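Per-entry structural report
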Amino acid sequence: MAIPLYLTTIEQDIFDTFRYLPHAVAVGVGFVTVAAAWKNRQMIKKQKRLEHAHAVPGTQLLLWFLVAVYFAMMLSITLFSREPGSRTGVDLKLFETWGNQCLPFGVLLPAAVPSLRKGWCCVYAAFSTSMMLETVQLLTERGFCQLDDVVTNTLGAAIGYLVFALVRKCWRGKIEE
């Protein structure tokens, strides 16, 4: 039985993104190293004034690492994987593409950044990031500027945030028991 062409195209798109993973992991390691050193330096300065100062927890470092890897992958896929001038134009049609890169945004960012733990803050941050990426794609001609991407990415971040909120609520319920 033959596999439909659209499924092989989707499969190829998914596997093509993995070639950016080593670069993204390197960026994540670098980011976490710098962030941890900066945060620990702040703590040492505070320790001179306070008795008890703690290093950055391992969970926080892991979340920062995952956020850095996610953003490096997103930038690699949306901008750096394409030649300048290879794609031009603006597309205002809705729901024509199948991809959604912002679902992890809605899960990872509120977990790593406490100020984004309100739903509207997280979704607005995803909307703003998506708008920024689409604008950069338009200006650099490294991708089509698509309204569809902004809408689906924002919806994906909202769904991701709902997943984060549900997991957080369940996690808190187990801790309190």
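Everything numeric here is computed off the predicted structure, so don't read it as measured data.

1. Quick word on the state of the cysteines
Tallying each qualifying case throughout the model produces zero disulfides. Unpaired in this structure, C121 has its nearest cysteine sulfur neighbour in C122, at a distance of 8.6 Å. Classification of C121 as buried rests on a relative accessible area of 15%.

2. Describing the side chain of S130
By the element assignment, S130 lies in helix α5 (residues 119-140). Of note is the side chain of S130, whose polar atom sits 3.2 Å from the side chain of N153. Apart from residues lying up to four places away in sequence, S130 is in contact with D149, V150 and N153.

3. As for the nonpolar core
Counting residues in each nonpolar core, the largest one holds 22 residues, and the members touching the most others are W64, V67, Y70, F105, L109, A112 and L116. Contributing elements (two or more residues each) for this core: α2 (21-47), α3 (58-80), α4 (103-112), α5 and α6 (147-176).

4. Concerning the environment of G28
Residue placement: G28 occurs in helix α2. You can call G28 buried: its relative accessible area is 0%. Linking G28 and W64, residues 36 residues apart in sequence, is a C-alpha distance of 7.8 Å.

Cut-offs applied
Residues numbered from 1 in each chain as written. Predicted model: local features only at pLDDT ≥ 70, side-chain atom pairs only at ≥ 80, totals over all residues. Heavy atoms only, no water. Disulfide = S-S within 2.5 Å. Buried < 20%, exposed > 50% of the residue type's maximum accessible area, 1.4 Å probe, protein only. Helix = DSSP H or I, 4+ residues; strand = E, 2+ residues; numbered from the N terminus. Polar contact = N/O pair within 3.5 Å; in protein donor to acceptor, adjacent residues only side chain to side chain. Contact = heavy atoms within 4.5 Å. Core = buried A, V, L, I, M, F, W, Y, C linked by side-chain atoms within 4.5 Å.

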